[in-house]
Amino acid sequence: MQYGLVPSEERDEVYEWIRRQLLSFAVKPGEMLSENSLSAQLKVGRPAVRDALSRLAEEGYVNVYPQRGTEVSRIIPDRVRQAVHTHIVLEQAVITELCSRKLTEQEKDTFQTVLRERTAMEEAARRSKTAETDDLHRIETVRVFRRFLLGTCGKEYACEYYRIVDCDMLRVLYLQYHTFNYKINASSLTSWEHTVIEEKMMIENILRGEVSTACLICSNHYNSILWNMDQLRRIYPQFFAG
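Residues numbered from 1 in each chain as written. Predicted model: local features only at pLDDT ≥ 70, side-chain atom pairs only at ≥ 80, totals over all residues. Heavy atoms only, no water.

A.B. asks: Mind laying out the overall build of the chain, listing which residues take part and the relevant values?
C.D. replies: A tally of helices and strands in the chain yields 10 helices and three strands. Along the chain, helices and strands appear, N-terminal first, in the series α-β-α-α-β-β-α-α-α-α-α-α-α. Within the chain, buried positions represent 47% of all 242 residues. At a minimum sequence separation of 6, the contacts of the chain that also span at least 24 residues come to 76%. Looking at the chain as shown, the accessible area adds up to about 12300 Å², and 52% of this sits on carbon and sulfur atoms. (Helix = DSSP H or I, 4+ residues; strand = E, 2+ residues; numbered from the N terminus. Buried < 20%, exposed > 50% of the residue type's maximum accessible area, 1.4 Å probe, protein only. Contact = heavy atoms within 4.5 Å. Areas by Shrake-Rupley, 256 points an atom, 1.4 Å probe, with all protein chains shown as cover.)

Right under this line is the structure:
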């Protein structure tokens, strides 16, 4: 997957470009990264590359070994399980809070807007004649929805914690969309369509104040990532630790 070159000295853009390469498996787990090569490829100074790799190491995408270099990390299943647990606990608490109080008219309008967006996504996915699409965009769409959900309850700073714990879960999610993006028959759903419908159902139940159903949809969504991870480990054993 190709992306445009990053402007000189734009550290955040260097970070994001490298992160997209790792998240999309354009650079695969176990491969080594070279500061010199990245610097030349992106036409930026080595400090910008070093800063980006330091951030990526903090998030778990790479391992930095003194005298050896920087290696793309393999997916650690236990990190995925802990990320899933974190999302379920926090987001079910947010759902419970939203359902226990009366939403403002502005909040209702915002939820309805997001609901319409998800409906349009579902219809577009059903009409699509091909599975080719940008799975990175799909993942970003999911991340935006989670930020929206937390932000509605004034917990947007928790998304910074997600940044630290989500690395391996997001890579599994990418593999899930990339691998299971097909229809067995005309009435079946792709993995991405399942996600869109789950988000729609979650919003609908929050608007109705159906806390138990909304929480169940939330937990089912994340637990399905764990189930898919077990399948993906058999398909891509080289990407996983242990």
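A.B. asks: How would you sum up the sheet that holds strand β1 (residues 32-33)? Please name residues and give values.
C.D. replies: Strand order in the open sheet formed by three strands is β1-β3-β2, with antiparallel pairing between adjacent strands. Of all the strands in the sheet, the pair left with one neighbour each is β1 and β2 (62-65). Pairing between β1 and strand β3 (residues 69-72): two bridges, direction antiparallel. If you follow Leu33 over to β3, its bridge partner there is Thr70. The strands touched by helix α3 (residues 46-59) are β1, β2 and β3; relative to β2, the strand with the most contacts, the crossing angle is about 115°. (Pairing = 2+ DSSP bridges. Axes fitted to C-alpha atoms, helices over the stretch in contact; angles between N-to-C directions.)

A.B. asks: For the pairing of β3, give the residues involved together with the corresponding values.
C.D. replies: Here β2 runs beside β3; their pairing, made up of four bridges, is antiparallel. Each residue of the ladder has a partner; that of Val64, found in β3, is Thr70. Joining the antiparallel neighbours β2 and β3 is a turn of three residues, in which Gln67 adopts a positive phi near 70°.

A.B. asks: Outline the nonpolar core, supporting the account with residue identities and numerical values.
C.D. replies: Side chains that are nonpolar tend, in soluble globular proteins, to be buried together. In terms of nonpolar packing, the biggest core is built from 68 residues, with Ile18, Leu22, Ile95, Met202 and Ile206 touching the most fellow members. Setting aside residues no more than four positions away along its own chain, Ile95 makes contact with Leu149, Met202, Ile206, Val211, Ala214, Cys215 and Cys218. (Core = buried A, V, L, I, M, F, W, Y, C linked by side-chain atoms within 4.5 Å.)

A.B. asks: Describe helix α1 (residues 11-23), with residues and values.
C.D. replies: A rise of 1.5 Å per residue sets the reference length of α1, with its 13 residues, at 18 Å; its end C-alpha atoms lie 18 Å apart and thus fit the reference within 8%. Those residues of α1 not exposed but buried are Val14, Tyr15, Trp17, Ile18, Arg19, Gln21, Leu22 and Leu23. Following α1 by one or two positions, Phe25 has its phi on the positive side, about 65°. (Expected span 1.5 Å × (residues − 1).)

A.B. asks: If you had to explain α3 to someone new, which residues and values would you point to?
C.D. replies: An ideal rise of 1.5 Å per residue puts 20 Å on 14 residues; α3 measures up with 20 Å between its terminal C-alpha atoms. Buried residues of α3: Ala48, Val49, Ala52, Leu53, Leu56 and Glu59, and no others. Projected down its long axis, α3 carries its buried residues within an arc of 130°, all on one side. Gly60, located one to two residues past α3, shows a positive phi value of around 100°. (Arc of directions from axis to C-beta.)

A.B. asks: Can you explain the side chain of Arg118? Please cite residues and give values.
C.D. replies: Tracing the backbone shows Arg118 in helix α5 (residues 105-127). Residue contacts for Arg118: discarding those within four places in its chain leaves Thr141, Phe145, Val196, Glu199 and Lys200.

A.B. asks: Now, about unusual backbone geometry: what can you tell me, with residues and values included?
C.D. replies: One non-glycine residue, Phe25, adopts positive backbone phi at about 65°. With respect to the secondary-structure elements, Phe25 resides in the loop between α1 and β1. Since its relative accessible area comes to 6%, Phe25 is described here as buried.

A.B. asks: So what's going on with the confidence of the model for the chain? Which residues, and what values?
C.D. replies: Scored by pLDDT, the chain has a mean of 87; 89% of the residues are at 70 or more. Across the chain, element-level confidence peaks in β1 with a mean pLDDT of 96 and bottoms out in α5 with 85. Segment residues 1-6: pLDDT under 50, and 18 contacts once partners within four positions in sequence are set aside and those in other chains are kept. (pLDDT = per-residue confidence, 0-100.)

A.B. asks: Explain the packing of helix α4 (residues 77-100) against helix α9 (residues 191-208) to me, using residue names and the numbers behind them.
C.D. replies: Running from N to C, α4 and α9 point in directions that differ by 35°, and their axes come no closer than 8 Å. On α9, the residues touching Ile95, Leu98 and Cys99 of α4 are Met202, Asn205 and Ile206. For the contact of α4 with α9, the residue count by class is five nonpolar, one polar and no charged. (Nonpolar A, V, L, I, M, F, W, Y, C, P; charged D, E, K, R; others polar.)

A.B. asks: Can you break down the pattern of salt bridges residue by residue, with the values?
C.D. replies: For the structure on display, the rule yields 19 salt bridges. The shortest N-O distance in the salt bridge between Glu199 and Arg118 comes to 2.5 Å. Of this pair, Glu199 sits in helix α9 while Arg118 sits in helix α5, placing them 81 residues apart in sequence. Across this residue pair, the class does not change: Glu199 and Arg118 are buried. Linked by salt bridges that have partners in common, Glu58, Glu59, Glu160 and Arg163 make up one network. (Salt bridge = Lys/Arg side-chain N within 4 Å of Asp/Glu carboxyl O.)

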